[in-house]
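Fold and contact review
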Amino acid sequence: MKATGIVRRIDELGRVVIPKEIRRTLRIREGDPLEIFTDREGEVILKKYSPIGELGDFAHEYAESLHQALGHTALICDKDNVIAASGNGKRELVDKSLHEDIEQIMQSRERVVRSLSKDEKLLSIVSGDNDADYSAEVIVPIISAGDAIGAVILLSRETGAVMNTTELKACETAAHFMGKQMEA
């Protein structure tokens, strides 16, 4: 564990303020759920809660199925990170932080289908990946109980690749199914 040198007092209601610098660094926003862990030495550990993270094995299997059916790299993301990936380039994507463009797509509940062959600008998927060599992408937010909790993403690196209604419908189906799993 890394010490920050920041000390905070607990108020009369048992609350403690997480400093703004730490919230910004860890991308913790107002209303974000946090899991609380304790250990035998008396340490209290706060961890950003990811409901989709609980479905990690299931998300991996779904990503694998999308990849096998469509032949494109498939990603399942929570609000902040890629939690499951299958296909070409999965090692460079899994567990990476999402680019702010993807976060905005999720919050707006927008569905994105883009292709370089149609002279469209592709969005960066993960932070620091501004010059990704993808040629087409589909991004569909996962909605559960009215909240955007993640996204299903398909990527292609094939020159001239075009995503169409088949890929969009597959992603919509996966996103809807994942959202329903979270409500159950």
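If you're wondering where the values come from, they're calculated on a predicted model, not measured in any experiment.

Let us now look at helix α4 (residues 100–108). Buried within α4 we find Asp101, Ile102, Glu103, Ile105 and Met106. Looking at the buried positions of α4, the neighbouring elements they touch are β3 (73–78), β5 (112–115), β6 (136–144) and β7 (147–156). Just downstream of α4 lies Arg109, where phi reads positive at about 60°.

A few words now on a nonpolar patch on the surface. A cluster of nonpolar residues, Ile36, Val44 and Leu46, forms a patch on the protein surface that exposes about 300 Å² of accessible area. Secondary-structure assignment places Ile36 in strand β1 (residues 34–38). In this structure Ile36 comes out as exposed when scored by relative accessible area, which is 62%.

Our next topic: the nonpolar core. One finds Ile76, Val138, Ile142 and Val152 to be the most contacted residues of the largest nonpolar core, which totals 22 residues. Of all the elements in the fold, those that place two or more residues in this core are α2 (56–70), β3, β6, β7 and α5 (165–183). The element contributing the most residues to this core is α5, with 6 residues.

Attention now goes to the packing of aromatic side chains. Taken as a whole and judged by the stated rule, the model has 3 aromatic pairs. Look at Phe58 and Phe177: their rings are 5.6 Å apart centre to centre, the planes differ by 35°, and that puts the pair in the tilted class. With Phe58 in helix α2 and Phe177 in helix α5, this residue pair connects regions lying 119 residues apart in the sequence. When its relative accessible area of 32% is taken as the criterion, Phe58 is described as partly exposed. Considering the side-chain rings of Tyr62 and Phe177, the 5.9 Å spacing of their centres and the 45° angle between planes classify their relative orientation as tilted. Of this pair, Tyr62 sits in helix α2 while Phe177 sits in helix α5, placing them 115 residues apart in sequence. By relative accessible area, Phe177 is classed as partly exposed at 35%. Ring-pair connections join several aromatic residues into one group, and the members of that group are Phe58, Tyr62 and Phe177.

Rules of the game
Within each chain, residue numbers correspond to sequence positions counted from 1 in written order. Where totals are concerned, whole chains, interfaces and linings use all residues; where local detail is concerned, this predicted model gives features only for residues with pLDDT of at least 70, and gives and counts side-chain atom pairs only at 80 or more. Excluded from the side-chain calculations are hydrogens and water; all other atoms, namely the structure's heavy atoms, are used. Three exposure classes are used, based on accessible area relative to the maximum for each residue type with a 1.4 Å probe and protein chains only: buried under 20%, partly exposed in between, and exposed over 50%. Helix numbers and strand numbers start at the N terminus; a helix is a DSSP run of H or I with at least 4 residues, a strand a run of E with at least 2. Contact definition: two residues touch when any of their heavy atoms are within 4.5 Å. To count toward a patch, a residue needs a relative accessible area above 30% and no salt bridge. Like charges then connect within 9 Å, nonpolar side chains (Val, Leu, Ile, Met, Phe, Trp, Tyr) within 5 Å. The accessible surface values rely on the Shrake-Rupley method and a 1.4 Å probe; as for residues, cover is taken only from the protein chains in view. Between Lys or Arg on one side and Asp or Glu on the other, a salt bridge is scored when a side-chain nitrogen of the former is within 4 Å of a carboxyl oxygen of the latter. Only buried Ala, Val, Leu, Ile, Met, Phe, Trp, Tyr and Cys residues count toward a nonpolar core, and they belong to the same one when joined by side-chain atoms within 4.5 Å. For Phe, Tyr and Trp, rings pair up if their centres lie within 6.5 Å, where Trp contributes its six-membered ring, and each pair is then called stacked (planes under 30 degrees apart), edge-to-face (over 60) or tilted (otherwise).

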